[in-house]
Amino acid sequence: MSKSWFIWSGVALVFLSLAGFGGWVLSLPAATAAAETPPVPQEETDATLAALKPPKRERPLIAVIGINDATETTDYLMPPGILRRADVADVMMLATGPGTVTLYPALKVEPDATIAEFDAGHPQGADYVIVPAMEPHDELAALAWIRSQAEKGATIVSVCVGATVIGAAGLLDGRRATTHWYFLKQLRDEVPTVRYVADRRLVVDGAVATTTGITASMPMMLTLIEAIAGRSKAEAVARDLGLEQWDARHASGAFRLTRPFAMTVLANRMAFWNREEVRIRLEPGMDEVSLALVADAWSRTYRSNATTYAISSDAVVTMNGVRVIPDRAEADWPEERRVSTFRDRKPAHALDLVLDAIATRYGERTTNVVAMQLEYPRRAIDR
């Protein structure tokens, strides 16, 4: 089973080309059309915040669920990394079974508890459940637990392709929702009654929230912080992350399958002899949000994959208590094969900087492929 769902699309493109279906690639649009980002009415924002108010506790309990075999890297790590720095809720990282959680396309972590242990300690359930992308997206234990939490009154928040998970759990029937652009058709096929909302990075319908692609978990978590603790707290966390603004605005038309995207993936996948492993040094106290974004981005180029190393095989504890397991125990690694997590920069800036580094190494087209997978509208920053 693939540890990165976009790898499947790359393999498919290779097979299509080799089988003589290059015409399909040529039929794709040459580029994404210029897309405006429409404003979000204030009454919609107010309704979103009202719907996300803590349903049970004054200090909420938030559970981030993952399956052990394959849970998306940034979807799983960014929510606790942002929510814990806000210190407005108790946040637990869960797994469906005992042992580590292997993330895709990179990293491996130790969860705080299993779902069974969580249920034993918190029989009344969580206030919020964060659902990342998982593979398979219909893993029975995960679906049963998510349904049980919804029945206990938890607000369910899916990130990215996590929408297909909560869709498989039956929570999107008849609801307004969004998801990653590449998987919208799959969601509609599996949940025919879902009502897709374009031009929104996050959509809230009752006690269920959904987001667009991977990087949308950042504005989603800030919106959740605002709903829990107010605007000033959310603004303080946003400044810490390096964001001047965040909201539900999104230009959905800017993200779709294009000829340059397909051709770049095809070319990078076919150049299998030119792939490389880049390494990230794990250090205690490092920012887990930056780590997730950097590892995720380098592993989506179709030219490289990111692995981690530390001086021992013991878990390395990040700034906000995430326990990351090194892929290798090594004292050091050649400088030209190491990549930075930009420890002296804020996480949102680290994402832009890693995209710049990928462009320098592999070219702008590969960087655009990565940004498209992350569903990230690139921005200019002071570099």
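Just so it is clear, the structure is predicted and the values come from calculations on it, not from any experiment.

> Just checking my understanding: could you explain the packing of helix H12 (residues 288–298) against helix H13 (residues 347–362) for this structure?
Helix-helix packing is characterised by the crossing angle of the two axes and by the distance between the axes. The contact between H12 and H13 brings their axes to 9 Å, and the two run at 25°. With respect to H13, the axis of H12 lies roughly parallel. Like other packed secondary-structure pairs, H12 and H13 cross with a definite hand, here right-handed. From H12, Val 289, Ser 290, Leu 293, Val 294, Ala 297 and Trp 298 reach across to H13, where they touch Pro 347, Ala 350, Leu 351, Val 354, Ala 357, Ile 358, Arg 361 and Tyr 362. Of the residues contributing to the contact of H12 with H13, the split by class is 12 nonpolar, 1 polar and 1 charged.

> Is there a simple way to explain H12 in this structure?
One full turn of an α-helix is made of 3.6 residues, so residues set three or four places apart face in the same direction. With 11 of its 11 residues buried, H12 lies for the most part within the structure. Residues of H12 that are buried include every one of Glu 288, Val 289, Ser 290, Leu 291, Ala 292, Leu 293, Val 294, Ala 295, Asp 296, Ala 297 and Trp 298, and no others. One side-chain oxygen of the residue at the start of H12 lies 2.8 Å from the amide nitrogen of Val 289, identifying that residue as Asp 287.

> What should I look at first to understand the sheet that holds strand E5 (residues 108–110) in this one?
Two orientations exist for strands paired in a sheet by backbone hydrogen bonds: parallel and antiparallel. Strand order in the open sheet made by the 5 strands is E2-E4-E5-E16-E15, with mixed pairing throughout. The outermost strands of the open sheet, each flanked by one partner alone, are strand E2 (71–72) and strand E15 (316–317). Bridge count for strand E4 (residues 101–104) against E5 is 2 bridges, and the pairing is antiparallel. Directly across from Thr 102, in E5, lies its bridge partner Lys 108.

> What should I look at first to understand unusual backbone geometry in this one?
With glycine set apart, most residues show a phi of negative sign, and most peptide bonds adopt trans. The omega angle of the peptide bond from Tyr 104 to Pro 105 is 10°, so this bond is cis rather than trans. The step from Glu 135 to Pro 136 runs through a cis peptide bond, and the omega angle for that step is 10°. Considering the arrangement of structural elements, one finds Pro 136 in the loop between strand E7 (128–131) and helix H6 (140–151). Backbone geometry at Asp 199 places phi at a positive 60°, although glycine is not the residue there. Assignment of secondary structure puts Asp 199 in the loop between strand E10 (195–196) and strand E11 (202–205).

Calculation rules
- Residues numbered from 1 in each chain as written.
- Predicted model: local features only at pLDDT ≥ 70, side-chain atom pairs only at ≥ 80, totals over all residues.
- Heavy atoms only, no water.
- Axes fitted to C-alpha atoms, helices over the stretch in contact; angles between N-to-C directions.
- Helix = DSSP H or I, 4+ residues; strand = E, 2+ residues; numbered from the N terminus.
- Parallel < 35°, antiparallel > 145°, perpendicular 65-115°, else oblique.
- Left-handed = near helix turned anticlockwise from the far one by under 90°.
- Contact = heavy atoms within 4.5 Å.
- Nonpolar A, V, L, I, M, F, W, Y, C, P; charged D, E, K, R; others polar.
- Buried < 20%, exposed > 50% of the residue type's maximum accessible area, 1.4 Å probe, protein only.
- Polar contact = N/O pair within 3.5 Å; in protein donor to acceptor, adjacent residues only side chain to side chain.
- Pairing = 2+ DSSP bridges.

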